[in-house]
Amino acid sequence: MPRQPIHYMKRHKILPLLLLLALAGYGGTATAAGQACPPDFGNGQLCTANDFEVTAVLTSGPNECTEGETISVDVTVGMRATASERYDIGLFAGDDGGDVVDGASCSFTSLIPQTANNAEFNGTDPAGLGPFRALDGDACGDVRSSDGINYRLFSLTSVLCRDRDGDGDVDVSGLLTWSQNSNQDVCTNPNDSANFFPDQKSKCVLEPNVNLPITVEPAPSMEVVKIAKPTQLPAPGGQVTFLVTVFNSSAQTDPLQLNTLNDNIHGDLNGQGSCSLPQIIAPGANYECNFTATVSGADGYKETDTVTAQAVDDDGEALNDSDQATVTIIAGAPPPSIELVKVAVPAQVKEPGGAAIYGLRVTNTSATQTVTINSLIDDLYGDVSNAGTCSNIIGKPLAPGGSLNCVFAQQVPPPAQAPGKPGDSITDTVTATGSSGADAVTDSDDATVIIADVPSSLEARKIAVPQVLVVPGGDFEFRFSVQNTSPVDTVTLNALEDDVYGNLNGQGNCSVPQTLSPAQTYSCSFTGRFTSATNNFQVDTIRVSGVDDDGAAVDAVARAQVLIIDPGSIPASLSVDKIASPTALTEPGGDVTFTVTVTNTSPLASVTLDSLVDAPYGNLNGQGNCVTGAVLAPGASYTCSFTAPVQGAAGDEVIDTVTATATGPGGIQLSANDLASVAILPAAGSALVVSKKASPTILGEPGGNVTFTVTILNTGAETLQLTALSDSVFGDLNGRGNCATGAVMPPGGSYNCSFQAPVNGQAPLLHLDTVTATATAPGGVLVYDSARALVFIIAGSAVTPVDVPVASFWLLLAVAGVLGTVARRASRR
């Protein structure tokens, strides 16, 4: 049974441990945005000390935000020192989506000590307002392990609504710093961020991408549809019913408030017919109303009127849309006619594409004739007459003014096309054809899905070997690596520039351009000379820049520090570098290869590698090609790799840490560690949408038999096989009614079955049961979804069975169900 490192797993919907730290940019006297960010103070691996246990919660902030806007959040952070005392605690967060280390602007705060003689220590108050301890006599706040958890409230006012790592949530770069020397590190101003720049690379906690549980959503969208019934009248005219529908095609977290409906001919529609405002429209749902007006004129007269809807989303963002309907006056009896409306949900998917649900509504706009729909042909996806629930439309008589609805799912762009690029518009048109006696009827409509960008990113590392040389110094080897941490984009590196040693192209074995696939790493090294007097140091910076396959610029920075020392104080030192490949997996996970490099960064002494221990994978000696015992000369490295299973649900971040220990001259014990993280992403290629219907939905006491109908849609890009179907009340449905497992559903395909069961009880009773479908995708990945059905038992004698009416537009409950369950579609572990 594969190991499951649950205690290292972090759900992005709960602000996690190290992540929250960073997030915890809490305020001192007040939160200060726009302050200086810490420079890159490290030499390869940063923030390796484990002097704090940290928890945090998001105490205020939006549930979602529109991509590109700036938001404010409050975080309450809990900190417990694992060392006896730690001093001068500072917190930083990158402003406006920028990096916290060497960033352009940071929010900053610190702990505030006692501010008056009678002010008692109050750091454990969950309100997070302090005051905190003043243990070392300077101006800045400290913590003591015996206090337990210290809390701090922090307000971040410059958070960019942007998803940097492709998991759908807001990301912030953050850092926690501290001092461990009460005598030498004197903090003079708790509101000056420069007092809190770490003087040692290990004394901090860094998280480049802190996941806030705030969904990044595209701008809200809605679609207005207006239909005239009938569309043609014999002269001199007559009564026409206008049907107005406002559909919320926004992301699943973005309800709309519809405030106005205005018609350029018939005026304000509020109060006309069934129209009443304001109305709240859930994502994937619609508001529908109608009104009747007289249209008259001579043969050939056309009246076109336009209805305009205005709404706001839950963030106050305004939007509007409009649609027209035309009524024509003709001589003689009007021929039969239909109108087809098509909508896509969502209206935007992330590159390189994803599943969209298409909703169709066919309305008979004839004056007196009944029509029958015979086919539904999509110009991209072919015949969709039997796709999803669209077989419900085919062959059904449709009375004048009546409508039929269906939904089907497809991959956007179609599998036969090239993957989507940011900004691509994928438009497809469905044509409905039918008949009324000897007369043919037809109509078409299209829907567009936009491909949205997933930002690309790089992570760079640099170490110097050795880190120190005796006076007067000499040649150092600088080892540089850069990993493409983009979720989907290939990145081409075009430039490697060092602020001390210049253009690195052609120096050592460094060369550009280099093209990196997601998770791929490029490494090189070069030699640089630094000479100086004793105790002088040099920090040099490499900036790597390139362009992703969407044409967007991307860069990263890495620094290394070298030191000149007296010959009598030569230290022995060790560094560890750990890289995961790949850095992201679709749920439920899979195998990851971890590469570990241990470098003797001592200038003169050899060291012996004693142990390599990984949390959670244990002793690495004998795993993969890893063994201990290597003797490393000054500047030499030992590299090995091992493969381990990494599993989780969508949104998890699995973090593990490797620690190397070695023995230096005179028996000195050396230790260093590094961590690697793997993100678990939603399985974009596989998804189910389950719906369940009860008939009847109302029974007289004491109840009776109910027929439950289950519909399963394959909304992904891969063929799925139904492997399990169970009900929370009635158990395993395999073999019950006509339900059976084993059905194979191609992309866009569906499976339907029904079973009968008794629902009994004393009135009033609400019976609720849930059906769960599990299917297997290629490679053994499991996907599932659930849906509920309601049955009411009312007082009195048996009543005529009545179906609770489904809301009146094309997809409604089907699409609302899709959007409401997107977050929980995940693979079983």
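Here, the structure is the one placed above.
Reading guide: rules and limits
- Residues numbered from 1 in each chain as written.
- Predicted model: local features only at pLDDT ≥ 70, side-chain atom pairs only at ≥ 80, totals over all residues.
- Heavy atoms only, no water.
- Helix = DSSP H or I, 4+ residues; strand = E, 2+ residues; numbered from the N terminus.
- Buried < 20%, exposed > 50% of the residue type's maximum accessible area, 1.4 Å probe, protein only.
- Contact = heavy atoms within 4.5 Å.
- Areas by Shrake-Rupley, 256 points an atom, 1.4 Å probe, with all protein chains shown as cover.
- Salt bridge = Lys/Arg side-chain N within 4 Å of Asp/Glu carboxyl O.
- Disulfide = S-S within 2.5 Å.
- Pairing = 2+ DSSP bridges.
- Axes fitted to C-alpha atoms, helices over the stretch in contact; angles between N-to-C directions.
- Patch = residues over 30% accessible without salt bridge, like charges linked within 9 Å, V, L, I, M, F, W, Y side chains within 5 Å.
- Phe/Tyr/Trp six-rings, centres within 6.5 Å; stacked < 30°, edge-to-face > 60°.
- Lys NZ or Arg CZ within 6 Å of the ring centre and 35° of its normal.

To continue, consider the overall build of the protein chain. From N to C terminus, the protein chain includes two helices and 56 strands. For the protein chain, with 829 residues in total, the buried portion stands at 51%. Look at the contacts in the protein chain between residues 6 or more apart in sequence, and 73% of them connect residues 24 or more apart. Accessible surface for the protein chain amounts to roughly 32100 Å². Of this, 50% is attributable to carbon and sulfur atoms.

All right, on to the pattern of salt bridges then. Tallied over the entire structure, the rule returns 20 salt bridges. For the salt bridge of R133 with D147, the shortest nitrogen-to-oxygen distance reads 2.7 Å. In this pair, R133 sits in the loop between strand 7 (106-110) and strand 8 (143-144) while D147 sits in the loop between strand 8 and strand 9 (150-160), placing the two residues 14 residues apart along the sequence. Across the salt bridge formed by K692 and D727, the nearest N and O atoms sit 2.4 Å from each other. With K692 in strand 48 (residues 688-695) and D727 in strand 51 (residues 720-727), the pair connects residues that are 35 residues apart, well separated along the chain. In this pair, the class of K692 matches that of D727, namely buried. Connected via shared salt-bridge partners are E459, R461, D577 and D674.

Inspection of the entire model under this criterion finds eight disulfides. Bridging C65 to C161, the disulfide has an S-S length of 2.1 Å. Classification of the bridge connecting C65 and C161 rests on its S-S torsion, roughly 90 degrees, and on that basis the disulfide is right-handed. Of the two residues, C65 sits in strand 4 (residues 64-66) while C161 sits in the loop between strand 9 and strand 10 (169-179), which places them 96 residues apart along the sequence. What makes C65 buried here is its relative accessible area of 0%. Judged by its relative accessible area of 1%, C161 falls in the buried class.

Looking now at the sheet that holds strand 48. The antiparallel open sheet is built from three strands, whose spatial order is 48-50-54. Each edge of the open sheet carries a strand with a single partner, namely strand 48 and strand 54 (750-760). Put simply, the sheet's adjacent strands are angled 20 degrees from each other on average, direction ignored. Note that strand 48 and strand 50 (residues 703-714) share eight bridges and pair antiparallel.

Cis geometry marks the peptide bond from K229 to P230; its omega dihedral reads 0 degrees. Here P230 shows up in the loop between strand 12 (222-229) and strand 13 (232-234). The omega angle of the peptide bond from V471 to P472 is 10 degrees, so this bond is cis rather than trans. Its location among the elements puts P472 in the loop between strand 31 (468-470) and strand 32 (473-484). The phi angle at A519 is positive, at roughly 80 degrees, despite the residue not being glycine. Summarising the element assignment, A519 is placed in the loop between strand 35 (514-516) and strand 36 (521-531). Given the relative accessible area of 8%, A519 is considered buried.

On the surface, a nonpolar cluster with roughly 300 Å² of combined accessible area is contributed by L768, L790, F792 and I794. A total of three residues in the nonpolar patch trace back to one element, the largest contributor, which is strand 56 (residues 782-794). With respect to the secondary-structure elements, I794 resides in strand 56.

Along strand 23 (residues 354-364), ten of the eleven residues are buried, which leaves the element largely enclosed by surrounding structure. In this structure, strand 21 (residues 338-345) lies alongside strand 23, joined through eight bridges in antiparallel fashion. Counted as the bridge partner of V341 is R361 from strand 23. Here strand 23 pairs with strand 27 (residues 403-412) via ten bridges, running antiparallel. Across the sheet, Y358 pairs through a bridge with F408, a residue of strand 27.

Before going further, it helps to examine the sheet that holds strand 12. In sheet architecture, strand pairing relies on hydrogen bonds along the backbone and comes in two forms, parallel and antiparallel. A sheet is described by the order of its strands in space; here three strands give the open sequence 12-14-18, paired in antiparallel fashion. At either margin of the open sheet sits one strand with a lone partner, and together these are strand 12 and strand 18 (286-296). Between one strand and the next, the sheet's axes are offset by a mean angle of 20 degrees, whatever the strand orientation. By the bridge criterion, eight bridges tie strand 12 to strand 14 (residues 237-248) in an arrangement that is antiparallel.

Another aspect to go through is the packing of aromatic side chains. Scanning the entire structure with this criterion turns up 17 aromatic pairs. Look at F92 and F197: their rings are 6.0 Å apart centre to centre, the planes differ by 40 degrees, and that puts the pair in the tilted class. With F92 in strand 6 (residues 85-94) and F197 in the loop between strand 10 and strand 11 (204-217), this pair connects stretches of sequence that are 105 residues apart. Looking at F92, the relative accessible area reads 0%, which means it is buried. Between R133 and the ring centre of F121, over which it is positioned, the NZ or CZ distance is 4.1 Å. When the ring centre of F242 is taken as origin, the NZ or CZ atom of K226, which lies over that ring, is 4.7 Å away.

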